[in-house]
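Now for the letters of each chain:
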Amino acid sequence: KHGRICQLAFLGQIVTRNGVHLSGDIDYSGHSFESYPNGLAAVFGDSAIPQAGALQIFAFVGFLELFVMKDSANGAEPGEFPGDFRNGAL
């Protein structure tokens, strides 16, 4: 699961650094997605995402990690997925 998340994060970096952003506003104040910088500047820079927004993202990802994205599927034991390399699929 963490490998897929890393792949999505890398793809997100590639896409946003090429100038592709979501359309519309990120909040009710009228700030657009394009108004925030890319990379670590979006978290630590002068025009960073507000702290309350970063905490909402962190809380949402924590909720997904703890309650939604469990390490078991379809009644299988945790960590045992058909075709997973650690289960001797190769």
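Above this text sits the structure in question.
Residues numbered from 1 in each chain as written. Predicted model: local features only at pLDDT ≥ 70, side-chain atom pairs only at ≥ 80, totals over all residues. Heavy atoms only, no water.

Draft legend 1. Representation of the overall build of the chain in the model. Along the chain, the regular secondary structure elements total three helices and zero strands. Going from N to C terminus, the chain has its helices and strands arranged as α-α-α. Put simply, the chain has 90 residues, and 3% of those count as buried. Looking at the chain alone, contacts between residues at least 24 apart form 12% of all its contacts between residues at least 6 apart. Approximately 7,600 Å² of the chain is accessible, and the part contributed by carbon and sulfur atoms is 63%. (Helix = DSSP H or I, 4+ residues; strand = E, 2+ residues; numbered from the N terminus. Buried < 20%, exposed > 50% of the residue type's maximum accessible area, 1.4 Å probe, protein only. Contact = heavy atoms within 4.5 Å. Areas by Shrake-Rupley, 256 points an atom, 1.4 Å probe, with all protein chains shown as cover.)

Draft legend 2. Structural context of a nonpolar patch on the surface. A contiguous nonpolar patch, built from Ile 5, Ile 57, Phe 60, Val 61, Phe 63, Leu 66, Phe 67, Val 68 and Met 69 and spanning about 880 Å² of accessible area, is present on the exposed surface. No other element matches the seven residues that helix H3 (residues 51–68) contributes to the nonpolar patch. Structurally, Phe 67 is set in helix H3. Judged by relative accessible area, which is 55%, Phe 67 ranks as exposed. (Patch = residues over 30% accessible without salt bridge, like charges linked within 9 Å, V, L, I, M, F, W, Y side chains within 5 Å. Salt bridge = Lys/Arg side-chain N within 4 Å of Asp/Glu carboxyl O.)

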